[in-house]
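Architecture and fold: a report
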Amino acid sequence: MAIETPRDEPDYETLTRRIHGEVLLPGDGGYDEARSIWNGMIDRNPAVVVRPTGATDVMTAVEFARGRDLPLAVKGGGHNVAGNAVCDDGLVIDLAPMKSVRVDPTARTARVGPGATMADLDHETQAFGLATPGGVVSTTGVAGLTLGGGMGWLSREYGLAIDNLRSVDLVTAEGELVLASEDENPDLFWAIRGGSGNFGVVTSFEFDLHEIGPEVFFGPIVHPYEDAPDVLARYREFAGDAPRECCVWVNSVPAPPLPILPEEIHGTTVLVLIACYAGDLETGEAVLEPLREYGDPIADAVAPTPYVDAQRMLDDLYGAGARNYWKAANFTTLSERTIDTMIEYAERLPTPHSEILIHQVGGAVNDVASDATAYPHRDTEFVVTVAARWEEAIEDDECTAWVRECYDALAREGTVGTYVNFEGDREGRERNAYRENYERLAEVKAEHDPENVFRMTQNVKPAG
């Protein structure tokens, strides 16, 4: 499939003739939309954007970029906070047109295109009462979420998205389409499960599905922030004994203008427990009762909820266009010092949309050995994300400084490592993200991408 044009003279007319989808250059209609992503901090200008309709287009685009030493970025849902989906002066593969989802309800599997979002996936699978773990915001892209690990409401029961991945079709740095699974190209399959976009462009994911819903016992419990020390201590006790069907995340955040909250508390910092029980509804109500009856909450909206509604409940709080910066730390437990640190920094959130979020993990996620996939954090019970969200560039320094300072204070109590999908910096944290698996990832990288074509990520450099 080699395109015979000089390496130093990209021939976009040739590329356009070979691509079945769209090829967009600066000034073309759709170019600005294609280069835009969820995080408003990221404003990059690629030389060309390819919007493929299938794997052949992806193969052509990869070979074109590699043959001309063009930086190459890959955009799935465009939801990555670090902005890995776009690059300056290079080629962006925008996979948005490739968003098909095909469900086999008998085998309980789904074939998912790399441009699909969690909303696309959930819409198709829930028609059969099925789902696979991944994400808590429906606009998140399936591809980027999965390649970094993929945690969500169902992970304590069924593991990460990568733990439910059967196989992928992947375009390598050589522009070849290969199958990766436990039986075929197993080293590559190991690496893409947590190794992010370092090893190729996935053009199809095959997932296992599980019986879920159509309703789960789900919703927020909102407490005044002066009660946070007692409620967080109670939450820690509850989480330690919670069954795997139960997952509770906790958010220190300015109260959004929701109908369930009195107007006078809108904008004031509150503690929100977001509970999900993905099993029998009556059992879920009984399991969550000790958490719901504790303290004097401002609101309690936990109720039987369609799973697809639970998956999109947070969408409005994480809409596209705002400026965002995150860092995340892993914990095996929430010590008193960790809780105190979260409260200290939550009391001086830099903007009305910033937050400190506790993700409950554990359960089935920790059943997998740390070296069974590239994702190494199998000892983690909680991930604490420090997230600033703001509107104006003049606030950049203040907001990023708050995130870094809070993260540094929290990380002293955490375990080694960070979840790559929650890392706001593109470079410098790779060994922390992959821990003991980094060296093996570098060896796989050297075999499958020795020229580091796929470097517009939290990049694992080829060994040697």
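Look up: the structure comes first, before these words.
Here the structure is a predicted model, which is why all the values come from computation and not from measurement.

Scoring rules and cut-offs
- Residues take numbers from 1 onward in each chain, read along the sequence in its written order.
- Whole-chain, interface and lining totals are the exception, using all residues; otherwise, since this is a predicted model, local features are given only for residues with pLDDT of at least 70 and side-chain atom pairs are given and counted only at 80 or more.
- Side-chain descriptors were evaluated using all non-hydrogen atoms of the structure, hydrogens and water having been removed beforehand.
- Only DSSP runs of H or I with at least four residues qualify as helices, and only runs of E with at least two residues qualify as strands; both kinds are numbered from the N terminus onward.
- Radius of gyration: C-alpha atoms only; globule rule: 2.2 Å multiplied by the number of residues to the exponent 0.38.
- Burial status follows relative accessibility: with a 1.4 Å probe on protein chains alone, a residue under 20% of its type maximum counts as buried, one over 50% as exposed, and anything between as partly exposed.
- Contacts: residue pairs with any heavy atoms within 4.5 Å of one another.
- Positive charges come from Lys and Arg, negative ones from Asp and Glu, while His and the chain ends are left out of the count.
- Throughout, a charge is located at the NZ atom of Lys, the CZ atom of Arg, the CG atom of Asp or the CD atom of Glu.
- Here the nonpolar core consists of buried residues drawn from Ala, Val, Leu, Ile, Met, Phe, Trp, Tyr and Cys, with membership extended through side-chain atoms lying within 4.5 Å.
- All axes are obtained by fitting lines to C-alpha atoms, using only the stretch in contact for helices, and the reported angles, taken between N-to-C directions, cover 0 to 180 degrees.
- By the definition adopted for this analysis, an angle is roughly parallel if under 35 degrees, roughly antiparallel if over 145, roughly perpendicular if from 65 to 115, and oblique otherwise.
- For any pair of crossing helices, the crossing counts as left-handed if the nearer helix is rotated counterclockwise from the farther one by less than a right angle, and right-handed if it is rotated clockwise.
- Under the grouping applied here, Gly and all other residues not named as nonpolar or charged are polar, the nonpolar ones being Ala, Val, Leu, Ile, Met, Phe, Trp, Tyr, Cys and Pro and the charged ones Asp, Glu, Lys and Arg.
- Only Phe, Tyr and Trp rings are paired, with Trp represented by its six-membered ring, and only when their centres lie within 6.5 Å; those with planes under 30 degrees apart are stacked, over 60 edge-to-face, the remainder tilted.
- Counted as salt bridges are all cases of a side-chain nitrogen of Lys or Arg within 4 Å of a carboxyl oxygen of Asp or Glu.

1. Overview of the overall build of the protein chain
On a plain count of helices and strands, the protein chain comes out with 14 helices and 19 strands. Relative to the 2.2 N^0.38 estimate, which gives 23 Å for 464 residues, the radius of gyration of the protein chain is 22 Å and therefore close to what a compact globule would have. Overall, the protein chain is about 70 × 55 × 40 Å in size when its C-alpha atoms are taken along their principal axes. When the 464 residues of the protein chain are sorted by exposure, 59% land in the buried category. Of the contacts made within the protein chain by residues no fewer than 6 positions apart, 74% connect residues no fewer than 24 positions apart. Computing the positive centroid from 37 side-chain charges and the negative centroid from 79, the protein chain places the two 5 Å apart.

2. Here's the deal with the nonpolar core
Membership of the largest hydrophobic core comes to 44 residues, with the highest contact counts inside it found for Val-248, Leu-288 and Ile-358. Here this core gets seven residues from one element, more than from any other, and that element is helix α12 (residues 396-411). In contact with Val-248, other than residues within four places in its own chain, are Tyr-235, Phe-238, Leu-273, Ile-274, Ala-275, Leu-288, Leu-291 and Gln-360. By size, the runner-up hydrophobic cluster in this structure holds 40 residues, among which are Val-222, Cys-276, Ala-299 and Trp-326.

3. Here's the deal with the side chain of Thr-380
Here Thr-380 lies in the loop between β18 (355-360) and β19 (382-390). Residues in contact with Thr-380, not counting those within four places in the same chain, are Asn-330, Phe-331, Val-361, Gly-362 and Asn-366.

4. Brief notes about the packing of helix α11 (residues 336-346) against α12
For any two helices packed against each other, one specifies the inter-axial angle together with the distance between the axes. With their axes 9 Å apart at the nearest point, α11 and α12 run at an angle of 165° to one another. In terms of axis orientation, α11 runs roughly antiparallel to α12. Between α11 and α12 the crossing geometry is right-handed. In this structure, α11 contributes Thr-338, Thr-341, Met-342 and Tyr-345 to the contact, and α12 contributes Trp-402, Glu-405, Cys-406, Ala-409 and Leu-410. Residue composition of the contact of α11 with α12, by class: six nonpolar, two polar and one charged.

5. Overview of the packing of aromatic side chains
For the structure shown, the criterion picks out nine aromatic pairs. Arranged with centres 5.8 Å apart and planes meeting at 75°, the rings of Trp-326 and Phe-422 form a pair that is edge-to-face. Of this pair, Trp-326 sits in strand β17 (residues 323-331) while Phe-422 sits in the loop between α12 and α13 (430-434), placing them 96 residues apart in sequence. Considered together, Trp-326 and Phe-422 belong to a single accessibility category, that of buried residues.

6. Remarks on the pattern of salt bridges
Applying the stated criterion across every chain yields a total of 27 salt bridges. Between Glu-206 and Arg-111 there is a salt bridge, with the nearest N and O atoms lying 3.7 Å from each other. Taken together, the residues Glu-206 in strand β10 (residues 201-208) and Arg-111 in strand β6 (residues 109-112) connect sequence positions 95 residues apart. By relative accessible area, which is 17% here, Glu-206 ends up buried. Judged by its relative accessible area of 24%, Arg-111 falls in the partly exposed class. The salt bridge involving Arg-166 is made with Asp-208; its shortest N-O contact spans 2.5 Å. One end of the pair, Arg-166, is in strand β8 (residues 165-171); the other, Asp-208, is in strand β10, with 42 residues separating them in the sequence. Classification of Asp-208 as partly exposed rests on a relative accessible area of 23%.

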